[in-house]
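Chain by chain, the residues run as shown.
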Amino acid sequence: MIQTNVDLQPYNTFGISCKAKRFATFSNAEELSEVLSQRNGDNLLVLGGGSNILLTQDFQGLVIKNEVVGFDIIESNEETALIESGAGEVWHDFVMRCIEEGLGGIENLSLIPGSVGASPMQNIGAYGVEIKDTFDSLKAYHIESGEVHTFNHTQCEFGYRESVFKRALKGQYIILSVRFRLSKKHTINSSYGAIEAELKAVGIENPTIKDISNAVIAIRASKLPDPREIGNAGSFFKNPVVEQEVVDAIGQRYDQFPQYPAPNNKIKLAAGWLIEQAGWKGKNFGTYGVHKNQALVLVNYGGSKGSQIYDLSEQIIQDVRTKFGITLEREVNMI
Ligand code: FAD
Ligand code: EPU
């Protein structure tokens with residue numbers, strides 16, 4: 001059933017109040033097809049958990065919320081299992097279920113908000129792991145033809161917070177299910193600095209995948225604001241990947257700053273560090289601002305408009321460009 005004039009506040013983790021002209025949910029390809037048959041040329045917005053969007057204005061179109069459920073073991077051998085999840089499943093619940101089943105590979109991605117179906121959109125990543133490391137394939141509904149197409153790893157063109165669905169195929173597909181190849185013989189990935197320290201603090205020497213998950217949950221809870229308390233969409237910007245000469249120029253002004261090797265001899269810098277150095281960390285503009293513990297996270301303290309947060313992001317981009325010669329790119333999807 002299609003509802004009209006629906007407030008999207010409960011459907012986005014920024015907690016922005018904006019109206020959708022029309023709103024519907026779907027739980028399988030047939031229902032999706034039925035809803036789309038009533039599209040009447042409207043703009044379309046596909047929603048999962050709404051944890052990576054900023055609503056800057058009312059949406060004069062049709063919002064469709066993905067509620068496709070399912071957890072299936074497609075194939076299983078001594079070493080690995082191929083698992084398929086419905087796109088509307090909550091990502092963190094999926095991670096927990098896999099850990100319970102003894103399946104490793106995504107435990108470092110615990111507590112990332114949102115749906116399984118959105119995870120390939122930006123190749124979600126945290127603590128040294130990205131979904132591309134265990135991704136097998138996905139099924140997606142082609143909006144124009146109504147056909148369901150399968151995409152393998154190569155076809156998804158994953159990059160840092162990137163996939164083909166954010167670029168060449170933007171707005172053309174709705175992801176229905178995702179398959180992951182997970183391992184029964186676990187490779188523990190605790191190399192990301194804070195994980196080792198957290199494990200040491202709780203006295204664990206030989207961590208299991210559950211221990212890694214618990215450590216990641218503890219670190220994330222200490223750093224990132226909980227959207228149920230303060231509206232946000234995680235990192236608002238991507239970490240910039242720059243040439244060595246940009247790093248050298250910053251090195252003339254600062255003794256030490258975070259930097260990580262990136263492909264093609266480039267270097268990834270920490271946008272949070274750049275924003276903090278530019279003086280924005282903790283800035284509070286009443287209803288919105290920059291988080292006090294993590295400058296990469298813009299927040300809605302309650303009652304902010306999406307356009308105010310967008311304007312703040314624009315000011316930060318300009319200021320960081322002036323101070324460091326680096327143009328930050330937004331990670332969050334502007335609607
Ligand atoms: P939504 O916000 O609903 O949608 C995001 C985009 O994908 C939109 O453009 C939407 O139209 C599109 N989309 C959604 N579902 C589908 C579908 N089924 N088919 C086609 N298009 C679709 N991200 C990370 O990578 N790493 C992190 O560590 C991380 N930490 C976070 C921490 C917090 C506190 C928050 C609030 C967010 C964080 N994020 C992180 C961002 C966010 O959790 C991820 O991007 C997540 O995958 C978004 O899922 P969603 O279902 O909420 O997507
Ligand atoms: N830093 C500062 N000031 C700040 C914030 C960070 O100096 O205000 C410094 C930290 O001290 C550290 C470095 O920047 O040296 C990196 O910080 P952190 O480890 O907190 O991670 P991040 O680079 O800010 C990225 C992802 C997160 C992911 C974490 C953990 C991006 C855009 N963000 O954040 O993803 O959870 O690493 O892997 O890549 C998201 O995408 O929404 C997200 C939260």
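Scroll up to find the structure.
The structure reproduced in this document is the subject of the present report. All values derive from a computational prediction rather than experimental measurement.

Considering a negative patch on the surface
There is a patch of like negative charges on the surface, built from E30, E31, E34 and E67. Considering the arrangement of structural elements, one finds E31 in helix α1 (residues 29-36).

What to know about the site of ligand 1
The immediate surroundings of ligand 1 are formed by 32 residues, with V46, S51, S115, G125 and R220 found nearest. At 3.1 Å from a nitrogen atom of ligand 1 is found a side-chain nitrogen or oxygen belonging to N66. Those elements that place two or more of their residues in the shell around ligand 1 are β3 (43-47), β8 (125-126) and β12 (173-183). For the shell around ligand 1, a count of residues per class yields 16 nonpolar, 14 polar and two charged.

Details of the nonpolar core
Core analysis: the biggest nonpolar cluster contains 44 residues, and I275, I316 and L328 have the highest contact counts within it. Here this core takes six residues from helix α8 (residues 306-324), the largest share from any one element. When we break this core down by domain, the ones giving at least three residues each are domain 1 (3-66) and domain 3 (231-334). Look past the residues within four positions of L328 in its chain and what remains in contact with it is F237, K238, P240, A271, L274, I275, I316, I317 and V320. Counting residues in each nonpolar core, the second largest holds 40 residues, with A81, I99, I112 and F135 among its members.

What about the site of ligand 2?
In the vicinity of ligand 2, 23 residues are found, and the nearest of them are Y127, Y160, E276, A295 and E331. Here an oxygen atom of ligand 2 sits 2.8 Å away from a polar atom, N or O, in the side chain of Q294. Taking E331, its side chain carries an N or O atom lying 2.7 Å from an oxygen atom of ligand 2. Protein burial of ligand 2: of its 820 Å² of free accessible surface, 81% is covered by the chains. Residue assignment for the shell around ligand 2 shows that the elements contributing at least two residues are α5 (209-223) and α7 (271-277).

Considering the side chain of R220
By secondary structure assignment, the location of R220 is in helix α5. Within the buried core, R220 has no salt-bridge partner, and the shortest N-O distance to an opposite charge, that of E331, equals 9.2 Å. Apart from residues lying up to four places away in sequence, R220 is in contact with S110, L111, I112, P113, A126 and Y127.

Looking at the sheet that holds strand β10 (residues 135-142)
Within a beta sheet, neighbouring strands are joined by backbone hydrogen bonds and run either parallel or antiparallel to one another. The strand order across the open sheet built from five strands is β6-β7-β12-β10-β11, with neighbouring strands paired in antiparallel fashion. The open sheet has two free edges, formed respectively by β6 (71-76) and β11 (148-152), since each of these has just one partner strand. In this sheet, neighbouring strand axes are inclined to one another by 20° on average, regardless of whether the strands run parallel or antiparallel. As defined by bridge partners, strand β7 (residues 80-86) adjoins β12 across seven bridges and the pair is classed as antiparallel. Looking across to β12, one finds that A81 is bridged to L182.

Details of the sheet that holds strand β1 (residues 3-7)
If you walk across this open sheet you meet the four strands as β1-β2-β5-β3, and the pairing is mixed. Only two strands of the sheet have a single partner each, and these edge strands are β1 and β3. For this sheet, the mean angle separating the axes of adjacent strands, direction not counted, is 40°. Two strands pair when backbone bridges link them, and β3 and strand β5 (residues 59-66) are joined in this way by five bridges, in the parallel orientation. Its bridge partner being in β5, N43 is matched across the sheet by G61. Lying over the sheet, α1 contacts β2 (19-26), β3 and β5, oriented at roughly 150° with respect to β2.

Overview of the packing of aromatic side chains
Inspection of the entire model under this criterion finds 18 aromatic pairs. Arranged with centres 6.5 Å apart and planes meeting at 90°, the rings of F135 and F180 form a pair that is edge-to-face. Taken as a pair, F135 in strand β10 and F180 in strand β12 lie far apart in primary sequence, 45 residues in all. Assigned by exposure class, F135 and F180 land together as buried. Taking 5.0 Å as the distance between ring centres and 70° as the angle between the ring planes, the aromatic pair formed by F151 and F165 counts as edge-to-face. Taken together, the residues F151 in strand β11 and F165 in the loop between α3 (153-156) and β12 connect sequence positions 14 residues apart. Residue F151 shares its accessibility class with F165, and that shared class is buried. Pairwise contacts between aromatic rings join F71, W91, F94, F135, F158 and F180 into one cluster. Above the face of the F71 ring, R97 is positioned so that its terminal group lies 3.9 Å from the ring centre. Positioned above the aromatic ring of W280, the side-chain terminus of K283 is 5.9 Å from the ring centre.

So, α1
Along α1, the positions that sit buried rather than exposed are A29, L32, V35 and L36. One side of α1 holds all its buried residues, which, seen down the axis, span an arc of 120°. Looking at the buried side of α1, the elements it contacts are β2, β3, β5, β10, β11 and β12. Sitting at the amino-terminal end of α1 is N28, which places a side-chain oxygen 3.2 Å from the backbone nitrogen of E30.

So, how was this worked out
- Residues numbered from 1 in each chain as written.
- Chains lettered and ligands numbered in written order.
- Predicted model: local features only at pLDDT ≥ 70, side-chain atom pairs only at ≥ 80, totals over all residues.
- Heavy atoms only, no water.
- Patch = residues over 30% accessible without salt bridge, like charges linked within 9 Å, V, L, I, M, F, W, Y side chains within 5 Å.
- Areas by Shrake-Rupley, 256 points an atom, 1.4 Å probe, with all protein chains shown as cover.
- Salt bridge = Lys/Arg side-chain N within 4 Å of Asp/Glu carboxyl O.
- Lys, Arg positive; Asp, Glu negative; His and termini not counted.
- Charge placed at Lys NZ, Arg CZ, Asp CG, Glu CD.
- Helix = DSSP H or I, 4+ residues; strand = E, 2+ residues; numbered from the N terminus.
- Near = heavy atom within 4 Å.
- Polar contact = N/O pair within 3.5 Å; in protein donor to acceptor, adjacent residues only side chain to side chain.
- Nonpolar A, V, L, I, M, F, W, Y, C, P; charged D, E, K, R; others polar.
- Core = buried A, V, L, I, M, F, W, Y, C linked by side-chain atoms within 4.5 Å.
- Buried < 20%, exposed > 50% of the residue type's maximum accessible area, 1.4 Å probe, protein only.
- Domains from an automatic or database assignment.
- Contact = heavy atoms within 4.5 Å.
- Pairing = 2+ DSSP bridges.
- Axes fitted to C-alpha atoms, helices over the stretch in contact; angles between N-to-C directions.
- Phe/Tyr/Trp six-rings, centres within 6.5 Å; stacked < 30°, edge-to-face > 60°.
- Lys NZ or Arg CZ within 6 Å of the ring centre and 35° of its normal.
- Arc of directions from axis to C-beta.

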